[in-house]
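Residues per chain are reported as follows:
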Amino acid sequence: MKKILFAIPVLALLGAGIAPAQSKVGIINIQGAIGASKDGQKASADLESKFTPRRKEVESAQAEINSLKDQLQKGQNTMSETAKEQLTRDIDAKTKRLNRNMEDAQAELQADEQKALQSIYQRMQVVSNKDATDNGYARILDVSSQQTPVLFASNGIDVTKDIIELYDKNTGPGAA
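Residues numbered from 1 in each chain as written. Predicted model: local features only at pLDDT ≥ 70, side-chain atom pairs only at ≥ 80, totals over all residues. Heavy atoms only, no water.

Peer 1: Can you walk me through the packing of helix α4 (residues 81–134) against helix α5 (residues 160–171) in this structure?
Peer 2: For any two helices packed against each other, the geometry is given by the interaxial angle and the distance between the axes. Where α4 meets α5, the closest approach of the two axes is 9 Å, and the angle between their N-to-C directions is 110 degrees. Relative to α5, α4 is oriented roughly perpendicular. Two packed elements cross with a definite hand, and for α4 against α5 that hand is right-handed. When α4 is examined against α5, the residues I120, R123, M124, V127, S128 and D131 are found in contact with a partner set consisting of I163, L166, Y167, N170 and T171. Here the residues of the contact of α4 with α5 sort into six nonpolar, three polar and two charged. (Axes fitted to C-alpha atoms, helices over the stretch in contact; angles between N-to-C directions. Helix = DSSP H or I, 4+ residues; strand = E, 2+ residues; numbered from the N terminus. Parallel < 35°, antiparallel > 145°, perpendicular 65-115°, else oblique. Left-handed = near helix turned anticlockwise from the far one by under 90°. Contact = heavy atoms within 4.5 Å. Nonpolar A, V, L, I, M, F, W, Y, C, P; charged D, E, K, R; others polar.)

Right, dumping it as structure tokens:
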């Protein structure tokens, strides 16, 4: 009896033309959109060029350490104990210095990357919000994160490409 009583008001609302509102939903891969945008590609290239010399320094230091390790290995039977100890200390000191330099470079890269991504993300969000409003979307879901609860979405509701095009068009060259 309760089910029938509940169904009557719902049917009455539908009959009166008061149907539940339809919501237009879109999805976006915001990480992919940032990376595919002109500003994202420029930021990536800038970071690459900035950190290439540091990467080469790290590779050079690693090669030097490997050379010293080879020298120690080859000289196990011919080197004096004092020479082996000195070479071991040199290897340890250079390895510690290399590890610190790598940690510093990684931290600096992450900070620069975060700064660039945040700037692009903020501008992309403005473009995305305007596009959603202009095209009548009630929701735009970001599917770039593993924690996104979207298990399936039709390709027809993916607005990533549209947002990239609008973003690039609205930011112009070199706006990063």
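Let's pick the thread back up.
Peer 1: Honestly, the layout of surface pockets in this entry has me stumped. Any pointers?
Peer 2: Which parts of space are left empty comes out when a probe the size of a water molecule is rolled across the atoms. Volume-wise, the largest pocket comes out at about 400 Å³. Around the largest pocket, the lining is made up of 20 residues, and of these L47, E48, F51, L109 and E113 lie nearest the centre. Top element by residues in the lining of the largest pocket is helix α3 (residues 38–74). It accounts for 10 residues. Residues that form the lining of the largest pocket fall into these classes: 11 nonpolar, five polar and four charged. Here the second largest pocket is characterised by a volume of approximately 190 Å³. What lines the second largest pocket is R54, E57, V58, A61, E64, I65, K94, R97, L98, N101 and A105. Of all the secondary structure elements, the ones that give two or more residues to the lining of the second largest pocket are α3 and α4. For the lining of the second largest pocket, the leading source of residues is α3, giving six residues. (1 Å grid on protein atoms, 1.4 Å probe; cavity = no way out; pocket = protein on both sides within 12 Å on 5 of 7 lines; lining within 4 Å. Points joined across faces, edges and corners; volume = space filled by probe spheres on them.)

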